[in-house]
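# Topology and contacts: notes
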Amino acid sequence: MKIAQVSPLFESVPPKTYGGTERVVSYLTEELVRQGHEVTLFACADSNTRARLIAPVAHSARADVRRPSWLSAACIELDMVAAHANEFDVIHFHTDYLHFPLSRRLDVPHLTTLHGRLDLPELQSLFHYFDDVPLVSISEQQRKPVSWAAWLGTVHHGLPRNLYRQGEGSGGHLAFVGRFSPEKGAHEAIRIALRSQTPIYLAAKIEAADSAYYESEVAPLMQHPLVHYVGEVGEGAKRELLAGARALLCPIAWPEPFGLVMIEALACGTPVIAYRHGAVPEIVEHSATGFIVDDQDQAVEAVHALGRLQRARCRAAFEERFSVEAMTACYLQLYRRLQRGEALPGRALRSTGAFGTRPESGMNVINGNSGAHHG
């Protein structure tokens, strides 16, 4: 099958450090190539892939996300996709919704995986208007705010089996991996560790938008001898951090669409202690691969109960539910459905014709629970 993967340009594929979407795009792309498919990756030129690479820009836009340069690069990328569109059997977009006006006018099957939160008010009218664009969610929880949209399926993220090894938690520490932002809850993670008298290692990035939060909520806690900041880490350092951890702390305060770090921890045999938000209940099996808690008190109790969990079971859950093979199999099933022209509920997958044809802006409600789902 000839498949195009269209990545955002904020990070290289894979990213050098932090970057969940581009990391998943890389895993999927490389697995499709390994299975013998002819894959073209649209991404920045500093990406590393065995696929054919078409690059609209030389470097990722990470340093310029607050400037209009990232938008101009995205426009170039989408025009390149349009220029090559007829070369593909299916086009897989990971570029949020910027491509919607283009994709609905292509004469090539396409789908869009949405990697972000969907509970923003402005998205209601957007998904009503573009109710013929086939969508894939990364969790069932993610799609709930727009459950009526044109959902083709839900596909959980997956990782290569050999990317992480099962560790024994021999470091004796707790781990936090992510961003220093209010929704990720680094300050909560530190307090949980301190209350349970357990060392915590934080591998996190500090973005300018979250500097006030960091200075007021996190920085005052960083001087404690049990708190260790290791900065933003690459894959190798993250593997060691997670494999040696007693547990990963995810005290999130937002509807996390997925939470890639949780399955990275499970791949290391490391249990997850997470607040009950977003996709957490779809990933963590309570009292089996971790603990789902509602507050700091319960999280501290969970730390003390970690001895009841088996790290081998965490690793087994990863291999069964969150491998790159499982993710790729689900996407291939969706690609083949699109190739066969199978209709979705409502107006989804309706033929829209060439560029001169504008679909009518219907507002019909769509029952969005069709398609493949695993995990």
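Quantities reported herein were computed from a predicted structural model and do not represent experimental measurements.

### Structural notes on the overall build of the chain
- Scanning the chain for helices and strands turns up 13 helices and 13 strands.
- Restricting the contact set of the chain to residue pairs at least 6 apart, pairs at least 24 apart contribute 68%.
- With an accessible surface of roughly 14,900 Å², the chain has 51% of that area assigned to carbon and sulfur atoms.

### Here's the deal with the sheet that holds strand β13 (residues 290-293)
- With parallel pairing, six strands are arranged side by side in an open sheet as β10-β9-β8-β11-β12-β13. Strands with a single pairing partner mark the edges of an open sheet, and in this sheet they are β10 (227-229) and β13. Averaged over all neighbouring strand pairs, the angle between strand axes comes to 20°, with direction disregarded.
- Against the sheet, helix α8 (residues 235-243) touches β8 (173-179), β9 (200-205) and β11 (245-250), its axis set at about 140° to β8.
- The sheet contacts of helix α9 (residues 260-267) involve β8, β11 and β12 (272-275), and relative to β11 the element is tilted by about 165°.

### Overview of the sheet that holds strand β5 (residues 110-113)
- Pairing is parallel across the open sheet formed by seven strands, whose spatial order is β3-β2-β1-β4-β5-β6-β7. Whereas interior strands pair on both sides, the edge strands pair on one side only; in this sheet they are β3 (52-54) and β7 (151-154). Ignoring which end each strand starts from, the neighbouring axes of this sheet average 25° apart.
- Two strands pair when backbone bridges link them, and strand β4 (residues 90-93) and β5 are joined in this way by three bridges, in the parallel orientation. From the neighbouring strand, Ile91 faces β5, where its bridge partner is His110.
- Packing against the sheet, helix α1 (residues 20-34) makes contact with β1 (2-6), β2 (38-42) and β4, and its axis sits at approximately 155° to β2.

### Examining helix α13 (residues 324-340)
- Over its 17 residues, α13 runs 24 Å from end to end, which matches the ideal 24 Å to within 8%, given 1.5 Å per residue.
- Backbone geometry just after α13 places Gly341 at a positive phi near 75°.

### Here we look at the side chain of Glu235
- Relative to the assigned elements, Glu235 resides in helix α8.
- Looking at Glu235, the relative accessible area reads 18%, which means it is buried.
- Engagement of the side chain of Glu235 in a polar contact is seen with the side chain of Arg23, the distance being 2.5 Å.
- Beyond its immediate stretch of four places on either side in the chain, Glu235 contacts Arg23, Tyr27, Leu163, Tyr164 and Glu264.

### Some remarks on the pattern of salt bridges
- Tallied over the entire structure, the rule returns 21 salt bridges.
- We note a salt bridge from Glu325 to Arg161, for which the minimum N-O separation is 3.2 Å. In this pair, Glu325 sits in helix α13 while Arg161 sits in the loop between β7 and β8, placing the two residues 164 residues apart along the sequence.
- The salt bridge partner of Glu264 is Lys238, with a shortest N-O separation of 3.0 Å. In this pair, Glu264 sits in helix α9 while Lys238 sits in helix α8, placing the two residues 26 residues apart along the sequence. Take Glu264 and Lys238: they sit in the same class, and that class is buried.
- Via salt bridges that share partners, Arg23, Glu235, Lys238 and Glu264 belong to a single interconnected network.

### Describing the nonpolar core
- If you look at the biggest cluster of nonpolar residues, it comprises 60 residues, and the most contacted ones within it are Leu111, Leu248, Met262, Val272, Ile283, Tyr331 and Tyr335.
- When sequence neighbours within four positions are dropped, the list of residues in contact with Tyr335 reads Met1, Ile3, Gln5, Leu28, Leu32, Val90, His92 and Leu111.
- Counting residues in hydrophobic clusters, the runner-up holds 31 residues, among them Leu221, Ala299, Val303 and Leu306.

About the criteria used
- Residues numbered from 1 in each chain as written.
- Predicted model: local features only at pLDDT ≥ 70, side-chain atom pairs only at ≥ 80, totals over all residues.
- Heavy atoms only, no water.
- Helix = DSSP H or I, 4+ residues; strand = E, 2+ residues; numbered from the N terminus.
- Contact = heavy atoms within 4.5 Å.
- Areas by Shrake-Rupley, 256 points an atom, 1.4 Å probe, with all protein chains shown as cover.
- Pairing = 2+ DSSP bridges.
- Axes fitted to C-alpha atoms, helices over the stretch in contact; angles between N-to-C directions.
- Expected span 1.5 Å × (residues − 1).
- Buried < 20%, exposed > 50% of the residue type's maximum accessible area, 1.4 Å probe, protein only.
- Polar contact = N/O pair within 3.5 Å; in protein donor to acceptor, adjacent residues only side chain to side chain.
- Salt bridge = Lys/Arg side-chain N within 4 Å of Asp/Glu carboxyl O.
- Core = buried A, V, L, I, M, F, W, Y, C linked by side-chain atoms within 4.5 Å.

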